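Chain residues, written in single-letter form:
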Amino acid sequence: MATALLMIAIFSVFPNETVGVMGSYKGHTLLIDAGHGGIDGGAVSADGLKESDINLAIALRMSGLCDLVGIEHQMTREADVGCLNSESYSEHDDLVARANMANSIPGCVLISVHQNKYPSELVKGAEVMYAATPESRELGLLTQDNMVAALDPENRRVAHSAPEDLLLTSSVNCPAILAECGFMSNPQEAELLADGDYQMKIAMALVASYVQFGCQQL
């Protein structure tokens, strides 16, 4: 019953191309990457909330959704640690480890969960960046549309290619996106990002985007 209700909840929000989805995932694995972790907290809100904690909370909710609907997936981390989980920390080595994990999984599709920041508190809104690999742009555009629809219909941001110096997206050979789910520097959005219900909305948007992408591309 829980699985059926969850499927209805996801697909009623994002109904396009989702019928018969499970057959589209044979031989494919969603890699859920909770950005940062451990000593690397990422962006920090005005009240001390760490990006790494928000990323992990969303990623764990994505994993739970995948478990319930039978989507094959893996995670780069499942606790407040870096991907390497070693005593010494190197941002470069940690990102390389995440990319290597993606490259080692046959049929991998990578969704990396992050939060944004900006000097002005007024800036807000989810923003998706996509890798240069085949089909990444399609996944990025789809995900941006779904996140806008689910989180903030007034958001005018558009998906765009990831900068070449963004190590994770430039080092993978699979379809990959980096989803900046909101701005930690915006007090109102940071408060939303800390809310469990809002985190679930983000998780549903990301998983539903993978579902739609699987039907259209995989």
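The following refers to the structure shown. If you're wondering where the values come from, they're calculated on a predicted model, not measured in any experiment.

Calculation criteria
Residues numbered from 1 in each chain as written. Predicted model: local features only at pLDDT ≥ 70, side-chain atom pairs only at ≥ 80, totals over all residues. Heavy atoms only, no water. Buried < 20%, exposed > 50% of the residue type's maximum accessible area, 1.4 Å probe, protein only. Helix = DSSP H or I, 4+ residues; strand = E, 2+ residues; numbered from the N terminus. Pairing = 2+ DSSP bridges. Salt bridge = Lys/Arg side-chain N within 4 Å of Asp/Glu carboxyl O. Axes fitted to C-alpha atoms, helices over the stretch in contact; angles between N-to-C directions. Parallel < 35°, antiparallel > 145°, perpendicular 65-115°, else oblique. Left-handed = near helix turned anticlockwise from the far one by under 90°. Contact = heavy atoms within 4.5 Å. Nonpolar A, V, L, I, M, F, W, Y, C, P; charged D, E, K, R; others polar. Core = buried A, V, L, I, M, F, W, Y, C linked by side-chain atoms within 4.5 Å. Expected span 1.5 Å × (residues − 1).

**Quick notes on the pairing of strand 3 (residues 108–116)**
The side chains of a regular strand alternate, residue by residue, between the two faces of the sheet. Burial analysis of strand 3 places nine of its nine residues in the buried class, the great majority of the element. By the alternation rule, side chains of strand 3 split into Cys108, Leu110, Ser112, His114 and Asn116 and Val109, Ile111, Val113 and Gln115, which are all buried. Taken together, the six bridges between strand 1 (residues 29–34) and strand 3 define a ladder with parallel strand orientation. Bridge pairing in strand 3 links Leu31 to Leu110. The sheet contact formed by strand 3 and strand 6 (residues 176–183) spans six bridges and is parallel. Counterpart to Leu110 in the pairing with strand 6 is Ala176.

**Some thoughts on the pattern of salt bridges**
All told, the structure shown has four salt bridges when counted by the stated rule. As a salt-bridge pair, Lys50 and Asp80 come within 3.7 Å of each other at their nearest N and O atoms. Residue Lys50 is found in the loop between strand 1 and helix 2 (51–69), and its partner Asp80 is found in the loop between strand 2 (73–75) and helix 3 (91–104); the two are separated by 30 residues along the sequence. We classify Lys50 as partly exposed; its relative accessible area is 26%. Through salt bridges with shared partners, a single ionic network connects Asp33, Asp94 and Arg98.

**Considerations on the packing of helix 2 against helix 7 (residues 196–216)**
One way to put it is that helix 2 packs onto helix 7 with a least axis distance of 8 Å and a crossing angle of 55 degrees. Considering the angle they form, helix 2 stands oblique to helix 7. Of the two elements, helix 2 crosses helix 7, and the hand of that crossing is right-handed. Judged by residue contacts, Ile54, Ala57, Ile58, Arg61, Met62, Leu65 and Cys66 of helix 2 engage Gly196, Gln199, Met200, Ile202, Ala203, Met204, Leu206 and Val207 from helix 7. Residue composition of the contact of helix 2 with helix 7, grouped by class: twelve nonpolar, two polar and one charged.

**Considerations on the nonpolar core**
Of all hydrophobic cores here, the largest spans 41 residues; its most connected members are Ile58, Met62, Met147, Cys181, Ile202 and Leu206. Elements with a minimum of two residues in this core: strand 1, helix 2, strand 3, strand 4 (127–130), helix 4 (136–151), strand 6 and helix 7. Sort the elements by how many residues they give to this core and helix 7 lands first, with ten residues. Beyond its immediate chain neighbours, meaning those up to four positions away, Ile58 contacts Val113, Gln115, Cys181, Gln199, Ile202, Ala203 and Leu206. Core analysis: the next-biggest nonpolar cluster, separate from the first, contains eleven residues, Leu31, Ala99, Leu110 and Ala176 among them.

**Some thoughts on the environment of Asn100**
Here Asn100 shows up in helix 3. Remark: the alpha-carbon pair of Asn100 and Val172, spanning 72 residues in sequence, is separated by 7.4 Å.

**A few points about helix 3**
For helix 3, which comprises 14 residues, the first-to-last C-alpha distance of 20 Å matches the rise-based estimate of 20 Å (1.5 Å per residue) to within 8%. Taken residue by residue, helix 3 has Asp94, Ala97, Arg98, Ala99 and Ala102 as its buried positions.

**Here's the deal with the sheet that holds strand 2**
Taken in spatial order, the six strands make up an open sheet running 2-1-3-6-4-5, and their pairing is mixed. Strands with a single pairing partner mark the edges of an open sheet, and in this sheet they are strand 2 and strand 5 (160–161). In the packing of helix 7 onto the sheet, contacts are made with strand 1, strand 3 and strand 6, and the angle to strand 3 comes to roughly 150 degrees.

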